[in-house]
Every structure is written in C-alpha cells, then in structure tokens.
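Structural description and commentary
One letter stands for each residue in the lines below.
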Amino acid sequence: MLANLQKSVRHIARYLTYGLAIQMLMFQTTLATGINEKKLTFNKITSTAVAEDITIKGKVTDEEGNPIPGAAILIKGTSKGTSTDIDGDFTLEVPEDAVLVVSFLGFVTQEIEVGNQANFEIVLIEDSSQLEEVVVVGYGTQKKINLTGAVSQVNAEEAIDERPVTSLGQALQGVAPGLNVSTGNGTPGSGYSYNIRGTTSLNGGSPLILVDGTEQDPNLVPPEDVASVTVLKDAASAAIYGARASFGVILITTKSGEKSEGPTFNYSSIVSWSDPTTTPEKVDPITQIRLGGISWENAGRTPGFYWGRNVDTWVDLYNEVGPILDGGRTVDGVFYPLGNTNMIEEMTETSVTSRHNISASGGSENTTYYLSAGIMNNNGILRSDKDKYSRKNILGKIDTKVTDWFSIGATIGFTRGFQTMPWIPNNENYMYDVAILRPKFWLTGIDEVSGAPWGFSPQMVDLGALNTDQVDNTNIQGRVTIKPFTGFEINGTYSVRAITGNNFYHVNSYEQANPPSGPGVTFLYRNNPNSLRRTARYNDFNNLSVTGTYTKTLANDHTFKLMLGYAQEVFSESSFWAQRDNLISDNIPSLNLATGNQFVDDNVTEWSTISGFSRLNYNYKEKYLFEAVARYDGASRFPMDDRFVYSPSASVGWIISEESFMAGTDRWLDFFKIRASYGSQGNQNVGAYAYLPSMSTGNANWIVGSVRPLFVRPGGLVSDSFTWEKVNTTNFGVDLGIFRNRLGVTAEIFQRETIGMLTSAEELPAVLGTSAPMENAANLKVNGWELSLNWRDNLSSDFSYNVGVNFWDDLATISKFGGNPTGQLSNYYVGRELGEIWGYETDRLFQAEDIVGTGSNRDLATDIPDQSALFNNQTPFPGDVKYKDLNGDGKVDFGTNTLDDPGDLKILGNSRSRYQFGIRLGAKYKSFDISVFMQGVAKRDLFTSGPMGYTIGGQYESIYTHTLDYWTPENTDAFYPRLDDRPYNRRTQSRYLLDGSYLRFKNVRLGYTLSKNFAKKIGLKSVKIYVTGENLFLLSGLPAGIDPEVLLNATYPLRKDFAIGTNITF
Amino acid sequence: MKSTYRNIAIAICFIALYSCEDNFLEKIPKDQITIEGYFNQDSDFRAYAYGLYNTFFGYGVGNVGNTNIPVTTDEMVGGNQDRSSRIFDTRIIPSSGGGWSWSRLRTINIMIREAQNTDLAPEIKNHWEGVGRLFRALEYFNKVKSFGDVPWIDHELGTESPELYMAQDPRSLVMENVLADLNFAVENIRENDGANLIDRYTALAIKSEITLFEGTFRKYHTELGLTDFNSWLEESVLASEKIMESGLFSLNPDYRTIHSSLDLSGNPEIILYKQYEIGVLVNTQVRTTALSNARSLTKDAVESYLSSDGLPFGISPLHSKAQNGIPESVFEEFENRDPRMGMTLAIPFNEGEPSPNDPALIEANTQIKPDFLPSLLGEAGINSATGYGLYKWWNPESPYDDVNGITDAPLYSFNKILLNYAEAKAELGQANDEVLNRSINLLRGRVGMHNLTIAIANSFDDPKKQKYAPEISNILWEIRRERRVELMGEGSRFDDILRWKKASYFGKPFVGAYIDLDNRPPSAYNPDGSNKAAVTLGDRDGNILPSTSRQGYILPYLERQPSWSDDDLKLYYSPISVQDLTINPNLQQVPGW
C-alpha cells in the first residue's frame, strides 16, 4: 500500500513537474498575449495525495481527437488537481463525490461528476466565443479581446461549409448581426447583394468587399475556399479603408496552408435537388369563369360574359365536354378554350445542382501552400434546361520566408462563371405572367390550324434561343513582408484583377398562336426582326498598398502599435457591343450571317483613388484600450478642388472584468468589456464623371431618309460645391463572457448619419429649364442595435451542443431634405422613415343599407362620407370597400397629397424588414452531428394591389384559392370586397396589408463522421457524409405563392433544395 | 542589415515612382461630349436641332397616341377617359407639374447663343439662329396659349440668376418678342435645307398660324385691352400670301390623301410633315381614330356640313325633313351633302362582311367589341360612341395594330394656309369674292363643292349662327364653317374656340346619331334577341328620354353636361401648380384660377 502510494506520488510528481513546466510555458505566453492573471491563479495546482480517495484515469482530447497536453484537472471547490501529460492522459485521486473541473486555454471549461466512473474520456470543445480568437481586421489581425470597434466574424465551418448553396451570399444570410444579404430572384447564377446596417444613402452605397485584400465580386468566390468572413460595421473599424468603406467592409479570407504540416488533401461534394419554394394555388377553370363573369359585370362590362365569352356556354362546355388540355370548342363562331392546366408544373422540373472541390494544403518550416480547384453546375428549374449556371475555379496560394527578415507570397485565382437562359420576351415578367397570372383554362398546346404553339404558354421556355453570359475573373496578388528590426514590419501588396465578360444575346423569331382567337381566326404573334447582340466587357482593377507597423511595449504595461500606410487604386472598364437584325437562320446565330440593321455602341469608365492612412493602437495593461485611425483619400470622381477627404475615427475599450473591484463576479462573469467609437468617412459613391456636365445623345423623333438621326442635348447644371458625402457613425458595444465563457454575448447600439447626400438641392423655379444641380443637401440617419448570443456546452464527452442567436434592427429616417418644399408624400421629406406605407384606413365593406337607389341613381346613405375621389367619381356598390374619413371633412380623398394636407391618408406601416434574426442550433452526439439554421424577419408590412392580395387582380388574371372569401349579398361578412377587377377597392389600405414577417428554416443538416480508426484503415484521415436541405420550411403569414424574400417581384422563383454531401480528408 | 535598408529604400523609390504619375486622379470621360467645343460646323447645329423636332407632335410615337391634343370639343367626343378633360371643368390646380416646364426653352436658348457666337459663315450662323428662334417662337406661343402672361427669358439661366424669381411679363411683350423671332426666322432660314426639314416656308406657315391666333385672340378677348390686333392679322395675311405666291404649293386633288397616306413626300399640299416608317417610328392614328371609340363626331359636327347645294343643313330643300324639324336617320342625312362629309365620316350604308376597301371595320385582332358603347352602325362598322365614326384616317394598307401604324402626319399644309388667309382677310374686313376664289373656293373646288361668294353668304340666315354667333358677319361665319369642315376631327377646333372666345360652344349638348331601336340591323342583337348593349337615348338638347323610348339621339355622356359662358376665363387657360407658385412667390396665378 505504502509502496503503491509512493509510486503514485512519484508518478504524480513526475506528471506534475511536466504539467507545471507546460503551465510555466503557458504563463509566459499568456503574459505576452495578455490573458488575465486570474485564470492563472485558477490554474495553480497544489498536489496532495489523499489516502481514502479513489484513483481515476482519463484522457483529454479536442473535438478532432487530438490529445491536449497540459490541461488542468481540478477537483471542484478545492485547489487539488493535476494536469495532463503530453498524450493528454492524467491520473488523479479524488473523493467519491468529487466534481472535476477540466480547463485549457481556448477551450470551454467543463465540469464532470466523477460518480463511480474510473475512466474518463474528456473532449474539450474549442471555445470560438472565446475572446482569445484572432479576428481579421483592416490590414492585419487583432485579438478579439482587444477590439474596440463593431466587428463580427463568421467562421466557415459554422455557416458556410456543407451547405448546398451556389453562392457565398446565400450562406451568409442571417449569420452576422447587422449584415443583410438578399437576392432579387432565384435565376441560376443570380448574385446576392450585401448591406451592412440598413439604408446607406439615397444614392445607394454598399459595403466594400475584399477577398484577401482585393476588391472582388463575392458571387464569384467558391464557398469551399473561404476560411472566414469578417464584417467591419462601424466607422472605427472600417475607417482604415477610408472612403470606399463608408458603409462597412466585408473581409473574406480564403484558406491557407499551415506550417510544418504534412500535405492534407480534401475532397468535398454536394449534390442537390431543387424546386420552387412556394407556388400559388389557382381556382379550377369553372370557378374562374363564373367569378370572372361576376367581376366583368361588376366592373360595368357586358353581363353574362367573361373574356368576351358567354359564361353559361363556357361552363356548360366544361360540364359536357370536360377539360381538353390542348384545345376547346367553337360555339356561334366564338372559340372557348377548355384547358385545365398547371402552368408551373408544365414549365418546371426538379433541377439538379452539383458542387465538387478538391484542395491540397500544407507547409514546411518556412513555406505554406494551399491549392484548390472546384466546379459547380447549377441547373435551373425550367423544363427546357436552358437555364443554367456553372462556375469553375482555381486558387493557388504560396508564402515563403526567404530570410529572417524577408518573406514573399503570391496568390493566383481564376474563376469562370457561365450563365445561360432562354430568350423570353419581356424576360421574367413574361414567365411570371404565364406561370402565375394565367387562369387554369389557358391552353398549352399546338394550334391545329397554324401549327404554331399557343402563345403565353410554357412553350417559350423551349422555343427561346439560348442566351449566354460568360465572366472570367482573374486575380493575381503578390505580397512581401520585410522585418528590418524587432517590432517593425513592412507589408506590401500589389493586386491585379481582370474581368472579361462576353454576352451573347440572341432574340430569335418564332410564331405563337393566340388561344382566345381559336382556330380559324388564329392571331399569330411573331417577334420581328430576330437579332443578335454580342457584348464584350473588359474590366481591370489595380491596387497597391504598403503598410509599415511598429509595435513596442514600454514598462510592461504600455503597448503601442503604430501603422502607417499608403494605397492606390485604378479602375477601368470598357465595353462595346454590336448588334445586327434579321439573322438568316436562328439555328446559326452570327453577326456574319445577318442582313439587317447594324448597331454598335461603346462605354468607357475610369476612376482612381489615392490614400494615405495611419492607425495607432494603445493599451494599458490589456485593460484600457485605445485606437485612432486617420485616413486621407483622394478620388477622381470629384472636381479638382474637392477631391480629397479626411476620415478620422477613434475608439476606446475598457475591460472591466480585469478590475480588482470585479473580483466578486468571478464565479460567473469571465469577461466584460465596454467600448465606444466614433468616426467620420467620406463616401465616393457617385458616378465616375458626375461633376462634369456632359451632353447626352439620342435618336430624334423625326425621320430623315429612313432613319432617326442622332441628336445632341445639352447637359444639366452641376453645382460648384459638389463634393463628398460624409458618413458619421457612433457605436457603443458590450462583450460578455459568462459561465466559464460558455455564453458569449455581444451587443451593439449605433447611429449612422449620412450627411450631405447628393440630391437636388432646394427646388429652383422651373424657368431654370433643367433640374436643380445635385448638391450635398440631404441627410439620413440610421439608428439600430445588434445582439448576438452564443452558448456552447457539452453535457458529456459524447454530447455537445450549441445555440447561437443573432437579432438586429435598424431604422432609417430622413433628417434633412431640401428638394421637397411642399412636402409631397411621393417624395422624401424631413422625418420620413424609409419604407413608410401611406394609405387609407379601411372602415369595412359597404352593405346594402349603405346605398340608396339603384343603377345610375344610386347614392350613399346620408351619414356616409363621400367616397367619389377613390371611386373615379362613381358611387360605390354594396360589397365595395368603405374607406374611413380620417380628417372628418365629409369626404375621403388624398387632399393635396402633401404632409400638410394628406387628406385621409395615413401611415399604415413600414415595408422594410425590421427585427431580423438568425438562429443556429447545433448538436453533436458521438459520430452524428445535426444543425439547424433559421433566419427571418419579425416585422414587415406589405401592400400589394396585384394578384394574391385580392380576389381578382386584373380582369384576365387567375383567381387564387386563398381569396375566395369575397362579398356577395349572401356573404356580407366577407373579408374581400365584391368581385371587381378595377382598382377602386384596391387602394393602399389597412385591411389588406399583408404581414411580411417570416421564419425560414434556411438550413437543416444531419451529418455522420466515420470513426477515425475506420477512416485510418481505409487510408483516410476523416470521412463525413451528410444530408442537408436549404429553405425546406417556412413560417409566414403570406399567402402561398409569395416568397417573403422576393415578395411580389415578377421573377424567377427562389428554390428549396435537398442535398447529399461528402467531405473526405486524406 | 545594410542590405535590408537598401531594399527598403528601393521599395520606397518604386512606390514613389509608381504613385507620382502625373494627374493620377484626373480621369476625363472618353465616350461623352461636353458643350465646350461642341459647335464647330453646320452639322453640329443640325444634330442639336434634331433634338427639338419633337416639338412637332404629329401623330405621336408608338402607342402614345394624340394624347396631348384636346379631343373633346363641340365636334368630337373622346372616350370615357376624356371626361376628366378641360371642358368638363374637372381640372384642379395641380400640386406640381401642370405644364410649367421650361427645359425646351433652355435647350433653344443655348442653341441661339452658340449660333450667335460661332465663327462660321454668316449664312450658316443666321440660318441656325433663325431655326433656334423659330423653335423659341413656337415654345412661347404654346406657353402663352396655356398661361397667358409668362416670363420672357432669352438666355440660359444659372442657379443664381435673378430671372429665376421674376414675375410674368405681359402677354404683349412676350408676343412682340415672338413676332421678332418669327420675322428673324422668316428672313434668315434657308429656303431649302433638305427634304422635309425646317425651311423658310415652314417658318412662314408657323408665322401665319401664330399671328392669326394672336390677332383674333386679342380682338375677341377684349378683357386683355390689347387693341392692336389688326397689325397681327396683317402679318398673318403677309405670311400666307408669301406661301401662296411662291408657286411651290398647291392643293392635292384628293382631299383624303394628306391624312391617309403612307408617304407624304412629294405631296404638293404639304409644307412640313412627320414621317413614319415601320421599325423606325410608328403611330396608332388609324387605330385610335377608326377602331376605337375614343374619337367620335357629334351631331353638331355633322350638321355643320353644308348640303351639296351650298345651303346649310336645315335650310336646304335637299333635306326637307330637317327643314321641317323632323329627325333624319343616319342613312338619310348622309345624302346630298358636302362630299367631305363622306370622306371624313364612316358612311353607314355598308352592312355585313367588312372588306379591305370598305370603311366597315372590326377589331380584327380579337373580334371583341369594346364595352363602352356599341359600334352602332351595322355593329360591324367603325367604332363610335356617337354613331358617327371617323373614316378620315382610314387606310386599309396601313397596319392598324399597336406597333406598325405608319401613316405620315401632316404638320403644316397648304389648305390650312388658305384657311388662315381667308379668315385673316375677313377679320380685317377685306373679304371679297377675289379673296374667296384664291382660298375657300379652291378648297371647295377640289371636292366638287358649290362655290362660296359674298352674295351667297348673305343670301340666308343660318339658325345656328343666329344661336351661337350673332355678332359676326355672315361671311366670317361661313369661313369659320369652312375651317371646321376642312379640318374636321384634326384637333384644331379647340384652339379656334379659345381664340374666338367661344367657351359657350362647349355647352352644346353632346348628342350623337338619331336611331330607331325598333329598326336596328340584325347584327345588333344577341342570338336570344336581346340588345348587345344598352344605349341611352335623349332628345336633341341632350335630355335623357324615359328608358321605354325606342327612338332618340344617342347620348355618349349621361352625366354632367358642361355649361360655359364665353366670359369664363378659367376655360381659356391652365393653372400654374401650387409648387411653382410656392417656389417663386412673384408668380401670379393665371386669370380665372
């Protein structure tokens, strides 16, 4: 027993020495990196052998299974404990009811009840909410703990990897508070647009998006290559990029190799199947005809008719003959189409998208490399398979340390995007018209007489010529780092990005028959002439930046870091196109094989900027943080005298948890920092030559010979004082680490003012003869907040889980506007919240007793306010909407449509997305992992006078099943008014305001990782397979057919995807 | 370490060299022009002037039909949409807009300035200054027509110009300046500047029109206190005579050609026309006038056509029923009339299947009848709200769908010059048989109509004249009738009524053809015997008859028959918007508003 004890003590002593050595090592590092000392006291270990205790053994590993040496194992409530050896193993004698506290820097501290277990496999989870994290910031990196600005970082494995997305933007929706990513439609290859913190400027403005320091189109970046995405939200963090960055910066960092690591190969692939997210339900043909007939009569058209056809005859034909998909019957010389078509099914099919990527990375002592190649094929949902997007990409990165003081590196990337679409008259609008608006009786077949396909049918998807657009993006970057002496580092980067674009736009000519005419009187639609337009685009972007950084710590407590830098950018884009009409053959579209008119045009744009900048960081004892940035930008977009702008910013941070008076909160509060920042930036987002009054040209409304000659028109006036818009941002933030850093909280509150937006200044008298010149005359204010919560924990070594919530809001208000002296509601005015919906308040529906008399002698009952302004000077009928007389003047109207006299208009709501959120849930049990990502908008109002908002939108449009509760003399308590396709009942009003809020299950994923041993047996490092789905479920108050992300845009639908993927490392 | 510093030095030099490139931030547009240095030669001015040719509206462009021509007058009613028009007194003072727009004037003033400053030969310089000033005269004429007094601005303004906030100048000053512009144009514009471009005769035609308008306007609008109208009328006579005596123009033998030709080049009657070509510039004139009910003539217009014996309808013994106050059917009233009536209105004799050369048309595209009112005459005829459809523009060879109408539009034509001449002469008290033979009788002779003499004009008392214009002479009444008949449906009636100060004409009852519901063609009925569409009938004065009535006049409008007195100034002008009055407080709202 004694011998055993001695042996144990020896063992313990040995391990302890070893552990302590590591701890000491860490202690030094910690000092250097600035981790607080309390953690170290926490880790101080006293070793005592306790006789009556049990001996437990264990191994501490990270999530990958790598052993963690030097992890501290403490018995809770005591100072007894041990630490792990180099293999991560430990042995400890503990009381039976002991609770172990296992901790290691950068990992979530874990508590484990010993119970009667003797062998432990402890998996520590990397603490990504940990403030130890290093964050990419402008021209460098910084520890998150030392940040004083508003910065969010998204790591690829959390949000981007293993999602069946075709664009990086799709993966970034909802993942960072304040980052708004949206798309207008689901066309293959359609890009996502980015915004930070809401409305930027009345002139637009988007964040600066840099990929490894060079401005790039994020839609061309393959998601597999992305390591992290950092969002710089406030002026303090973005000001280092100056005038290009006045509305924030998105820094996309691609993956790199690691030093001294053997080659790692990774292969990943995803195959997904897609369908439209939501489609409306149309009523059956007979209902459509009956209700259409009522609507025709109610709108004052011939009673008993619909679409110029006799309703009863039509319905009888359906009952007697039944639906005939490709035709109809002719009665009394009138053709009655008898379809029962599902246009959406006719036009679409489940589409397949696949993505494959292979990469190799690694490094020696002095050199690292990363190489990757990928391919993505995204088929659209049209049945003709002419809608496609493919992306091929190659990326190579190498960095090498040539001497102690000199390193060089280079990146070469190439991406080719290739998009195809069938030519469709009026593009997506036409598709929408066919798929969504056409009633079910519409036909899809071939006309018997002419042999031409029916018009306004899915045929155009097949008949349209194949149009293509190819974009080649080449990016070359060279880097050099020079370290002349300790603490001083010079970084130089030169990048060239070249884009060539080739567009092939072929308008082919085909005939379509017009179904209502019917056989015999077929009206053929044929677009004439056919034509081909080819556009070539070349775009070149050069950017050079040099920074020098000097870091110095004085008297151990004062750390300074000073950076000085210089940057310049030159952009040029030129494009030209040539078009020729009357192609000899639509099968061989070529400019060479055409006989008609020829057109050419070109366009050249150039701009450049020069900037100098500096940044000073100072911290005292890693407790009081200070940062100041100054940047001076010059841009070619402004006249000589107003070319330069100065962007200063400053920010401070205070890590309160470091203060001794906070010692009492140690048990639950690990980290507490408050910070504040203010900065001002110029915004160069105006046209490249907006300050020059250039003459415009056009084709005269006059024929000379047989052409319309070109004419030249004078340019408008340009203000002498035309200059930069200023963007001022104030930001306050709090970072918290709670419950042993398992819960991380970040909150921001901000105000961003865009000052001196270029708009028409004070309106000038019309005799000026042109619009008042643009002046820096309007201001906009955005107020908002952001909250992000992250919880990570493991319940046992087999089960870990995490929850992340992002929640944010912003609201933009016009704070100055000169161009609207009369307060027109149709224009901006001071105090206007962007997105305001002005409309009428609905009282109820008119009932029979409200109307006196009939026909043209009818009138409103005496106590009812006059509605004639909204009913085109007519008297409403029972079942029409009764609008409220808000100002009590006895009539409902819009006054002068101004703020002073809005009549009975009022603000009904706001159409912008408010209270946006993203929720991430993840769990891991043994080899399985599951994650759910939800995204949504908590408040949004929507008004539509179009289809789906009413029972009948237009006289020839389909009626949808969700709108059947309409007013009739028998159904007086209806929600919708009587059937009438005229606009009188559809004025913007409170009753038919739609709720645009939603919660969408953006991504659901279930993964399985093969056991390490098994993977090793088959010669692989790790193998993971997973099934996943995008946009699978939607909770929304909107009727079927309206996707809350694209709303009523008549466009290509968004898709939901189901996918299977694998990820193999070897 | 030494080499380190050397390398740094090299790097810094490299950067310095790269960035110190001259004018790194100077980027000049490479595909745009600025005005400095633009006007260098004749063709530069020509290209600039083309931008002003859209002053000449013609038949509009594409399916933007003649929307800026007032449709509804005592001769024609527009569709339902036209009920918001001026004569129904539904106009309000707009909050913004409303035509107080001066961008074209700025463009013109820049052109005049550049022409005056150019170093080019005097002939070129004066020609383009003349063209600019002709456009300025037209621009101001249109503004004066709308607003009466307007500010006179003859140069480009800047944001600091005091003229921005000036009050209106009096009409007299503005129109004196217009006359000066016109006279400069007439004297300096080239006699011929190429096919169908502005030349001296265009300027003369415009002068003839503007001066007649101003002369008669001043004469009848006595509230203006402008008594010098005779000099304006004399200017008009002079301008017309120069055209008449040039020998370059004559009436084309066929009255209909100038309105229904696909190509007006070489037509001797045309001074300036707007050309239309498929795929280049198209209009919807044929569709709008013939195939839609948005242009329908009134009973009053039909009654203004003389009988073929030269006597007014109602007096002529050729129409005994009308003479005795008995309504004639549409079939009867077309007989023995001024031949221009049959060349202007759809003759209702043709029933049954339409044929290409027949004014009996249907909506060939859809076969759907409009649901506003039936196309009454034979149900397969030209569409009309009154029963009187327009045939004047119909040309079976002109595609009449929305996108391919290519009928050329006459802008200034010789027949109008003759009418201007005759009217100005009559207003000056100089009308005689010689004047009539040089003008009115040429027009009448072309269609084979009875000649007009002073004696004939004085030989009868037209009851309509007694009722509507007792204050003018018989010969002036007949010359005005000639103008109405010759230009029927073209839209000039509205301006004529304004300058004659005859707002009361807009109070004439809007009635259409007389029909007998018991005697309608079979195609007017549904298979079950019911009427295809209901028609509201009224009496000749526009009063609605009981719904049981089977005979009566078609009423195209059921409510709000307008009522105007000649002294209602509101009708003659358009209001200035609230916004314009707010921005420039020195502006006065126009009379009547």
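Section: unusual backbone geometry
All names here are of chain A.
- Positioned with a positive phi, N582 is a non-glycine residue whose angle comes to about 55°.
- As for its position among the elements, N582 is in the loop between β31 (558-581) and β32 (598-620).
- Phi at N741 is positive, roughly 60°, even though this residue is not glycine.
- Mapped onto the elements of the fold, N741 is located in the loop between β38 (725-738) and β39 (743-760).

Some remarks on the interface of chain A and chain B
- Taken together, the 69 residues of chain A in the interface contact 67 residues of chain B.
- A combined buried area of about 6,000 Å² lies between chain A and chain B, and 66% of that area is made up of carbon and sulfur atoms.
- For chain A, the biggest contributors to the area lost against chain B are A:M695, A:W702 and A:V767; these three give 14% of the whole.
- Where chain A meets chain B, there are one salt bridge.

Description of helix α16 (residues 440-447) of chain B
All names here are of chain B.
- Along α16, six of the eight residues are buried, which leaves the element largely enclosed by surrounding structure.
- Listed in full, the buried residues belonging to α16 are I440, N441, L443, R444, R446 and V447.
- On the buried face of α16, the contacting elements are α13 (339-344), α14 (414-427), α15 (433-438) and α19 (474-486).
- With its phi angle positive at about 75°, G448 sits one or two positions after the end of α16.

Some points on the pairing of β38(A)
Residues and elements named next belong to chain A.
- With 14 bridges connecting them, strand β35 (residues 669-683) and β38 associate as antiparallel partners. The partner of R675 across the bridge, within β38, is G733.
- Looking at chain direction, β38 and β39 are connected through 13 bridges and run antiparallel. Within β39, the position partnered with T730 by the bridge is Q751.

Some words on the sheet that holds strand β8 (residues 551-554) of chain B
Residues and elements named next belong to chain B.
- As summarised here, the arrangement of the three strands in space is β6-β8-β7, forming an open sheet in which the pairing is antiparallel. A strand with exactly one partner marks an edge of an open sheet, and here the two such strands are β6 (514-516) and β7 (537-538).
- Summarising the sheet, β6 and β8 pair through three bridges and their orientation is antiparallel. When the bridges of β8 are listed, Y514 appears paired with Y553.

Details of the packing of aromatic side chains
Residue and element names in this part refer to chain A.
- Under the counting rule described, the total for this entry stands at 64 aromatic pairs over all chains.
- Considering the side-chain rings of F571 and W607, the 5.3 Å spacing of their centres and the 15° angle between planes classify their relative orientation as stacked. Taken together, the residues span a long stretch of sequence, with F571 in strand β31 and W607 in strand β32 at a distance of 36 residues.
- A relative accessible area of 13% means that F571 is categorised as buried.
- On the accessibility criterion, W607 (7% relative accessible area) is buried.
- When the ring of Y632 is compared with that of F644, the centres are 5.5 Å apart and the planes differ by 20°; the resulting orientation is stacked. Separated by twelve residues along the polypeptide, Y632 in strand β33 (residues 624-635) and F644 in strand β34 (residues 644-655) bring together distant segments of the chain.

Regarding a negative patch on the surface
All names here are of chain A.
- A grouping of E63, E64, E126, E157 and E158 is seen on the molecular surface, where their side chains present a negatively charged patch.
- With respect to the helices and strands, E64 occurs in the loop between β1 (54-61) and β2 (72-75).
- Among the residues examined, E64 registers a relative accessible area of 51% and is labelled exposed.

Overview of the environment of B:A503
All names here are of chain B.
- Mapping A503 onto the fold places it in the loop between α20 (493-499) and β6.
- Look at A503 and you get buried, because its relative accessible area is 0%.
- Once you skip the residues sitting within four places of it in the chain, A503 turns out to touch I497, W564, S565, D566, L571 and Y572.

Thresholds applied
- Residues numbered from 1 in each chain as written.
- Chains lettered and ligands numbered in written order.
- Predicted model: local features only at pLDDT ≥ 70, side-chain atom pairs only at ≥ 80, totals over all residues.
- Heavy atoms only, no water.
- Helix = DSSP H or I, 4+ residues; strand = E, 2+ residues; numbered from the N terminus.
- Contact = heavy atoms within 4.5 Å.
- Buried area = accessible area lost by both parts, 1.4 Å probe.
- Salt bridge = Lys/Arg side-chain N within 4 Å of Asp/Glu carboxyl O.
- Buried < 20%, exposed > 50% of the residue type's maximum accessible area, 1.4 Å probe, protein only.
- Pairing = 2+ DSSP bridges.
- Phe/Tyr/Trp six-rings, centres within 6.5 Å; stacked < 30°, edge-to-face > 60°.
- Patch = residues over 30% accessible without salt bridge, like charges linked within 9 Å, V, L, I, M, F, W, Y side chains within 5 Å.
- Areas by Shrake-Rupley, 256 points an atom, 1.4 Å probe, with all protein chains shown as cover.
- Lys, Arg positive; Asp, Glu negative; His and termini not counted.
- Charge placed at Lys NZ, Arg CZ, Asp CG, Glu CD.

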